[in-house]
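# Fold and geometry: a report
As a plain string of letters, each chain reads:
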Amino acid sequence: MNIEPTTFLAIAAIFVGSYVQTAIGFGLAIVSAPILIVYAPEYVPAPICLIALFISLLNALKHRSNIEIGGLKMAIFGRIPGSIAGACLLVYVSAHTLSLWIGILVLLAVFVSVMPYRIEPTPRRMVIAGFFSGLFGTSSAIGGPPMAILLQHQEANQLRGNLSAFFVFSSIISLTAQVPAGFLSVKELWLTLPLIPSAWLGYWLALKTTQSLPKEKIRYGALILCLLCGGIAIFESLR
């Protein structure tokens, strides 16, 4: 059986993305989407969203004692209209434009993540963050940054737990919106199957190797990787 080179690329990208997401609480799509939209666009956004659901379920179960569902309700409410808007965006933008969009989103996420300002997660801000998470997550699979910005000052396991719980709900919402838009079908399900073992391996390796590493070193390493991936997406879209 011949395996396409793009499949190997997707497996590698998902492995690294799953490792990063398990280590810091988000990052699967930020790492994998900029590369895949350029070289294997068939994996964006639905297969990445399906893997995000899988990894988020694993991490939510791992950190279930740290989850505060009450604080996430407003963000989930905001996610619904955002996902509808994101599905509409998918219908009207080309893959070339989506590549540029993803690259810019990734660089913006990195920029905001390193800002020293603390933004308190008020109910209004949670709704706004949920909306933009839905808009970005459904159109490009990159829905983590808006929520991560609001919650980034939480204790490490609390951050991982709350983000994972939110991503479980948000991935389901995004996938539901992608069906009528024509971006989630049996084809995308088949594309996702080979990625599941790679995602689990990234999750498992992160659990084994990141517990003793300083959170900030892992975070900044992930941000450098995101800068590289975002830059590649923008460069390729402008060629």
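This text goes with the structure placed above it.
### Describing empty space enclosed by the protein
Following the criterion strictly, the structure yields two cavities of 30 Å³ or more and no others. By volume, the largest cavity is sized at about 170 Å³. Forming the boundary of the largest cavity are 18 residues, of which Ala 52, Ala 141, Gly 143, Gly 144 and Phe 167 lie nearest the centre. Residue assignment for the lining of the largest cavity shows that the elements contributing at least two residues are helix 2 (28-39), helix 3 (46-62), helix 7 (144-151) and helix 8 (156-178). Each residue belonging to the lining of the largest cavity can be placed in one class, and the counts come to 10 nonpolar, seven polar and one charged. Of the pockets and cavities examined, the second largest cavity occupies roughly 80 Å³. Val 20, Ile 24, Phe 26, Gly 27, Ile 30, Ala 109, Val 110, Ser 113, Arg 219, Ala 222, Leu 223 and Cys 226 are the residues that line the second largest cavity.

### Notes on the state of the cysteines
Going through the model one piece at a time under the given rule, you end up with zero disulfides. Residue Cys 88 stays outside any disulfide, its sulfur separated by 16 Å from that of Cys 49, the closest cysteine.

What counts and what doesn't
Residues numbered from 1 in each chain as written. Predicted model: local features only at pLDDT ≥ 70, side-chain atom pairs only at ≥ 80, totals over all residues. Heavy atoms only, no water. 1 Å grid on protein atoms, 1.4 Å probe; cavity = no way out; pocket = protein on both sides within 12 Å on 5 of 7 lines; lining within 4 Å. Points joined across faces, edges and corners; volume = space filled by probe spheres on them. Helix = DSSP H or I, 4+ residues; strand = E, 2+ residues; numbered from the N terminus. Nonpolar A, V, L, I, M, F, W, Y, C, P; charged D, E, K, R; others polar. Disulfide = S-S within 2.5 Å.

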